[in-house]
Amino acid sequence: MVSKSIFPAVMLLVLVAMPARSSEQQADPVMEAMLQELDRSVNLLRLEAGDYDLPYFVYYAVRDVRSSFVSARNGALQSSNDGRTRMADVDIRVGSYDMDSSEDKDAGFNFNQKYNPGFMGPIDDSIPALRRTLWLLSDHAYKAALMSFHNVKAKLVNSSEPRKSASLSREQPVELIEEISEAEFDRPAREGHARELSAIFLQYPDIFDSGVEISAFRVVRYIVNSEGTRIRTVDHYYQLLAQATVRAPDGMLLQDGVTIYGRRPGDMPDLATAADRIRTLARNLVAMKDAPVLDPATVPVLMSPEATGVFFHETIGHRLEGQRQEDEEEGRTFKSYLNQAILPAFLDIFDDPSVEMFGTGSGRVSLNGFYRVDDEGVRGQKVSLVEKGVLKAFLMSRKPIEGFEKSNGHGRTQGFRPAQARMANLFIQGAKPMSQARLFSRFLQEMKKQNKPWGLYVETIAGGNTNTSSYGYQAFKGKPLIAYKVDAATGKKTMVRGVEIVGTPLSAINRIIATSDRYGVFNGYCGAESGSVPVSTVAPEVLFSEMELQRTEDTNERPLILPPPDVPAAAR
């Protein structure tokens, strides 16, 4: 811990290290406003009356988001709009890198501050207006940090545990200024596509509710800090979402969707391909309506690459996020397993934000979790998490933990919450892959070996959820959307519904017995403590010797009283 007597010297060193503004930074009003207010806060933000600490670290971030969006239902346009927001985030710390104000877990519940400034900034390129937003946030953050640091030091009085890690890692400043470009969005064409695609569902009378959304986002991230980091990155995100709902004769509500993500316009399907995907979705939903409900059981399970990706994200990925390992409110499943086996020896796991695409030729897929620099201004790095089944590392933000003093570029946030270590592009690899046909044969053999009349093949899964906290069960749950009961004797597949996969992480992952050579990508968004962030998982098909299945919650609501209105053939 740095004593207060040498704070002025530390501040002088920080100021000397600040680089001069480039002409490109000065030409950008957002960057210029951030740098002007950063200079002022570093030099002048202090309470003169009283024995108060100075800020040792100041961080500003602004997230400028432009969105274009169209949606349609039943062959008619429902909405078509553009949006623009700018969110500001300020982190001001007192103390030192070794121990600072961020250690106060109750900082967000400080009732001594009656006024909380808003984090929304101006969308006009007004330097004075943005500076006033940052000024208010800085004042609030500094005062809160002073109060929090007193709490941190007070708690040390009764703590029997010695401190094992610092509060903030020391990192080299990063300078990265990217060109700003607009996301491509042909609104008239997209409106026509949304109408046409949404009309497909009218051909399926059992589908009583449905919709199609097409959107594009441009996200410009600005990050500056007192260490000298200067960042402006530009990312584009494209999305097509189709959703539909049916009700089974017993009242069970069944919903499914198609979501396609891309990072450039060329990643998105043409109209004919999108229409085929939606027709497949509709046919599967109608078939699912009459499928039998699966009874609870424990059986061998074969997962598609997409379903495997969701499984590993929920059971392993979140539990390898660094800050969870020293949080007393977390279950810390793998904290004591470093350099020990946690998976079968034929499995490796790594996370690499720098991978932009996966696959070859026409099968190349953009990865949602790609980025150059994380939300703390650290370059994204490949992290080997599990090697030959042995745990080797954790995903790290700038919050050190015992044995890991540096960030590996995984500090992420949605923009208005403190960054935490999060997944980006999670890769699961099997060292002894089988062909798809051979793996299916092994699936059948496993059923016969256990005298099970059937097993479950999971084709798609509706995301998942997991509990990592110490006050709850260390468990996960996944809800298959499309799943098949597979006969052990014949290999025949029968669609089933109303099933959930449940279990505990340590038990489930050690029941993996084989993988295939067929890999796939799960793209999506992950919501956790620091907000919703784009993620990807690349995984093969995986065979489990057994998993526990339970029924989903029954709805049993009465079906619609009247049939849908007649729709002219020309409107379909």
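Residues numbered from 1 in each chain as written. Predicted model: local features only at pLDDT ≥ 70, side-chain atom pairs only at ≥ 80, totals over all residues. Heavy atoms only, no water.

S.K.: Any chance you could explain the packing of aromatic side chains here in plain terms?
M.R.: Between two aromatic rings, the relevant description is the distance of the centres plus the angle of the planes. For the structure shown, the criterion picks out 11 aromatic pairs. Seen from their ring centres, Tyr56 and Phe57 are 6.4 Å apart, and the 45° between their planes marks the pair as tilted. For the pair Tyr56 and Phe57, one class covers both residues: buried. When the centroid spacing of 5.9 Å and the interplanar angle of 70° are considered together, the rings of Phe440 and Phe443 count as edge-to-face. Placement of both Phe440 and Phe443 in helix α8 (residues 436–449) is noted, with a separation of 3 residues, approximately one turn of the helix. When its relative accessible area of 22% is taken as the criterion, Phe440 is described as partly exposed. Within the aromatic cluster, the residues linked to one another by ring pairs are Tyr56, Phe57 and Tyr97. Taking NZ or CZ as reference, Lys382 lies 4.4 Å from the ring centre of Phe350, over its face. Here Lys493 stacks its cationic end above the ring of Tyr457, 4.5 Å away from the centre of that ring. (Phe/Tyr/Trp six-rings, centres within 6.5 Å; stacked < 30°, edge-to-face > 60°. Buried < 20%, exposed > 50% of the residue type's maximum accessible area, 1.4 Å probe, protein only. Helix = DSSP H or I, 4+ residues; strand = E, 2+ residues; numbered from the N terminus. Lys NZ or Arg CZ within 6 Å of the ring centre and 35° of its normal.)

S.K.: In this structure, what is going on with a nonpolar patch on the surface? I would like to understand it.
M.R.: A contiguous nonpolar surface patch, about 310 Å² in accessible area, is contributed by Tyr115, Trp135 and Leu136. Take Trp135: it is sitting in helix α4 (residues 127–158). (Patch = residues over 30% accessible without salt bridge, like charges linked within 9 Å, V, L, I, M, F, W, Y side chains within 5 Å. Areas by Shrake-Rupley, 256 points an atom, 1.4 Å probe, with all protein chains shown as cover. Salt bridge = Lys/Arg side-chain N within 4 Å of Asp/Glu carboxyl O.)

S.K.: Whenever I open this one, unusual backbone geometry confuses me. Can you help?
M.R.: Trans peptide bonds make up the majority, and among non-glycine residues the majority have a negative phi. With a phi close to 65°, Asn339 is a non-glycine residue in the positive phi region. By the element assignment, Asn339 lies in the loop between α7 (305–315) and β8 (347–351). The class of Asn339 is exposed, set by a relative accessible area of 52%. For Asn451, which is not glycine, the phi torsion reads 60° and is therefore positive. One can find Asn451 in the loop between α8 and β16 (454–466).

S.K.: Help me out: how do you make sense of the pattern of salt bridges in this one?
M.R.: Any two side chains of opposite charge can pair, so long as their charged atoms come close to each other. Here the structure, examined in full by the defined rule, presents 34 salt bridges. Across the salt bridge formed by Arg221 and Asp375, the nearest N and O atoms sit 2.6 Å from each other. Of the two residues, Arg221 is situated in strand β4 (residues 209–225) and Asp375 in the loop between β10 (365–366) and β11 (383–387); the sequence distance between them amounts to 154 residues. For the residue pair Arg221 and Asp375, the accessibility class agrees, reading buried in each case. Through salt bridges with shared partners, a single ionic network connects Asp64, Arg66, Arg84, Arg86, Asp125, Glu182 and Arg218.

S.K.: Got a minute to help me understand the pairing of strand β5 (residues 230–247) in this structure?
M.R.: Successive residues of a regular strand alternate their side chains across the two faces of the sheet. The buried count for β5 comes to 17 of 18 residues, which makes it a mostly enclosed element. Bridge analysis of strand β3 (residues 175–177) against β5 gives 3 bridges, and the strand direction is parallel. In the sheet register, Ile177 faces β5, and the bridge partner there is Arg232. As paired elements, β4 and β5 share 16 bridges and run antiparallel to each other. Paired with Val212 across the strands is Ala242, a residue of β5. (Pairing = 2+ DSSP bridges.)

S.K.: Would you explain helix α5 (residues 187–199) in this entry?
M.R.: An α-helical turn contains 3.6 residues, so any two residues separated by three or four positions project in the same direction. In a regular helix each residue adds 1.5 Å, so 13 residues correspond to 18 Å; α5 covers 18 Å between its end C-alpha atoms and thus fits that length. Along α5, the residues classified as buried are Arg187, Glu191, Ala194, Leu197, Ser198 and Ala199. (Expected span 1.5 Å × (residues − 1).)

S.K.: Would you mind going over the side chain of Asn368 with me for this structure?
M.R.: Among the structural elements, Asn368 can be located in the loop between β10 and β11. Only 3.0 Å separates the side chain of Asn368 from the backbone oxygen of Gly524, close enough to count as a polar contact. Among residues more than four places away in sequence, those in contact with Asn368 are Tyr237, Tyr261, Arg263, Asn425, Asn523, Gly524, Tyr525, Pro534, Val535 and Ser536. (Polar contact = N/O pair within 3.5 Å; in protein donor to acceptor, adjacent residues only side chain to side chain. Contact = heavy atoms within 4.5 Å.)

S.K.: Can you help me understand the nonpolar core in this one?
M.R.: A general trend in soluble globular proteins is that nonpolar side chains are found buried together. Of all hydrophobic cores here, the largest spans 49 residues; its most connected members are Met303, Phe311, Phe312, Ile349, Leu456, Met547 and Leu549. Considering every element that reaches this core, the biggest residue donor is strand β21 (residues 531–551), with 5 residues. The residues touching Ile349, leaving out its near neighbours within four places in the chain, are Phe312, Ile316, Leu343, Val383, Ser384, Leu385, Val386, Leu426, Phe427 and Ile428. One finds Val212, Ala244, Val246 and Ala275 within the second-largest nonpolar core, a separate group that totals 46 residues. (Core = buried A, V, L, I, M, F, W, Y, C linked by side-chain atoms within 4.5 Å.)

S.K.: Explain helix α3 (residues 29–44) here, please?
M.R.: Compared with the 22 Å implied by 1.5 Å per residue over 16 residues, the 22 Å span of α3 between its first and last C-alpha is a close match. When we look at burial in α3, the residues that qualify are Val30, Met31, Glu32, Ala33, Met34, Leu35, Glu37, Leu38, Ser41 and Val42. If you check the start of α3, you find a side-chain oxygen 2.9 Å away from the backbone N of Val30, and it comes from Asp28.

S.K.: Whenever I open this one, the pairing of strand β1 (residues 55–73) confuses me. Can you help?
M.R.: Counting buried positions along β1 gives 16 out of 19 residues, so the element sits mostly inside the fold. Summarising the sheet, β1 and strand β2 (residues 76–94) pair through 18 bridges and their orientation is antiparallel. Of the residues in β2, the one forming a bridge with Val58 is Ile92. What sits between β1 and β2 in their antiparallel hairpin is a turn of 2 residues, with Asn74 showing a positive phi close to 55°. Relative to β4, β1 is paired through 14 bridges, and the arrangement is antiparallel. In the sheet register, Ser67 faces β4, and the bridge partner there is Phe217.

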